[in-house]
Amino acid sequence: AQTVTQSQPEMSVQEAETVTLSCTYDTSESNYYLFWYKQPPSRQMILVIRQEAYKQQNATENRFSVNFQKAAKSFSLKISDSQLGDTAMYFCAFMSNYGQNFVFGPGTRLSVLP
Amino acid sequence: SQTIHQWPATLVQPVGSPLSLECTVEGTSNPNLYWYRQAAGRGLQLLFYSVGIGQISSEVPQNLSASRPQDRQFILSSKKLLLSDSGFYLCAWNSLTQGGSGANVLTFGAGSRLTVL
């Protein structure tokens, strides 16, 4: 069974600075998808970024980028120029290419400080 | 475009009362549908998922049940609520056949906050 680990329960960053959230996962499959979701205080789950495992290039979405290390099974999220609105819980998630089940990590609570 | 609706948004129920949370998806057909529960400050626990009408997989034995009476409708129910059923419930959908950047992305409803007293 796949597992997703986020080793940082809480983090904080100063506004306009850069922060990196860590995620590692365990799978025996070679093709899969990885995601970062954001859950602000409203509790709406919002997709931040998606990575397909067969793509070597790291995904980017504006201020958000990932460092995908397939061999190490690592998928970290970098947030540049942090904004107050980035304050949220961030969940790393894995989805097999063959299944319907998403596996979520326990989350990292990020606070952006003014 | 696809949208997902989930209701009610907030619910306060006494112990032993029944529960019905409803979720519908628009703009797609034959989606995979999911119910998750989230305790305060915690991660997501998958409760049920469905790949088609009448096909329900249960991940956690509990006081809850799910049904999918129509292709784009997913209902979470309980006959008698327990205090431990309190939490934030999220419905979600995805489609393995959906093309483009939306492929395989799990899209969530706004959630239902249940308090059992």
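Residues numbered from 1 in each chain as written. Chains lettered and ligands numbered in written order. Predicted model: local features only at pLDDT ≥ 70, side-chain atom pairs only at ≥ 80, totals over all residues. Heavy atoms only, no water.

Engineer: Now, about the packing of aromatic side chains: what can you tell me, with residues and values included?
Structural biologist: Tallied over the entire structure, the rule returns 16 aromatic pairs over all chains. By way of ring pairs, the aromatic residues A:F35, A:Y37, A:F102, A:F104, B:Y34, B:Y36, B:Y49 and B:F108 are connected into one cluster. (Phe/Tyr/Trp six-rings, centres within 6.5 Å; stacked < 30°, edge-to-face > 60°.)

Engineer: Quick rundown of the interface of chain B and chain A? Include the residues and the values.
Structural biologist: Contacts between the two partners involve 28 residues from chain B and, on the opposite side, 18 residues from chain A. Between chain B and chain A, a total of about 1,800 Å² is buried, with carbon and sulfur atoms accounting for 55% of that surface. On the chain B side of the interface with chain A, the three residues burying the most area are B:L44, B:N104 and B:F108, jointly 24% of the side's total. For the pair chain B and chain A, the interface holds 0 salt bridges. At the junction of chain B and chain A, the tally comes to 5 residue pairs in polar contact (both at pLDDT 80 or more). Listing elements by their share of the side of chain B that touches chain A, those giving two or more residues are β4 (32–38), β5 (44–52) and β9 (87–94) of chain B. Here the side of chain B that touches chain A is composed, by residue class, of 16 nonpolar, 9 polar and 3 charged. (Contact = heavy atoms within 4.5 Å. Buried area = accessible area lost by both parts, 1.4 Å probe. Salt bridge = Lys/Arg side-chain N within 4 Å of Asp/Glu carboxyl O. Polar contact = N/O pair within 3.5 Å; in protein donor to acceptor, adjacent residues only side chain to side chain. Helix = DSSP H or I, 4+ residues; strand = E, 2+ residues; numbered from the N terminus. Nonpolar A, V, L, I, M, F, W, Y, C, P; charged D, E, K, R; others polar.)

Engineer: Requested: an account of the side chain of B:Q73, with residues and values cited.
Structural biologist: Residue and element names in this part refer to chain B. Looking at the element boundaries, Q73 is found in strand β8 (residues 73–78). Classification of Q73 as buried rests on a relative accessible area of 13%. Of note is the side chain of Q73, whose polar atom sits 2.6 Å from the side chain of E22. Aside from chain neighbours lying at most four places away, what touches Q73 is E22, C23, T24, L33, S67 and R68. (Buried < 20%, exposed > 50% of the residue type's maximum accessible area, 1.4 Å probe, protein only.)

Engineer: I'd like to hear about the state of the cysteines, residue by residue, with values.
Structural biologist: Tallying each qualifying case throughout the model produces 2 disulfides over all chains. Between the sulfur of A:C23 and that of A:C92 lies a disulfide, 2.0 Å long from S to S. Between A:C23 and A:C92 the disulfide shows an S-S torsion of about -70 degrees. By sign, it is left-handed. Of this pair, A:C23 sits in the loop between β3 (19–21) and β4 (24–26) while A:C92 sits in strand β10 (residues 88–96); the two residues are 69 residues apart in sequence, bridging distant segments of the chain. No difference in accessibility class separates A:C23 from A:C92, as the two residues are buried. One disulfide in the model links B:C23 with B:C91; its S-S distance is 2.0 Å. One disulfide, between B:C23 and B:C91, carries an S-S torsion of -75 degrees and so falls in the left-handed class. With B:C23 in strand β3 (residues 19–26) and B:C91 in strand β9, this residue pair connects regions lying 68 residues apart in the sequence. (Disulfide = S-S within 2.5 Å.)

Engineer: Break down the environment of A:S111 for me, with residues and values.
Structural biologist: Residue and element names in this part refer to chain A. Examined against the element boundaries, S111 turns out to sit in strand β12 (residues 108–113). Judged by relative accessible area, S111 falls into the partly exposed class, the value being 28%. Considering only alpha carbons, one finds S111 and F75, 36 residues apart in sequence, at a separation of 20 Å. When neighbours within four sequence positions are excluded, S111 is seen to be in contact with M11, S12, V13 and T87.

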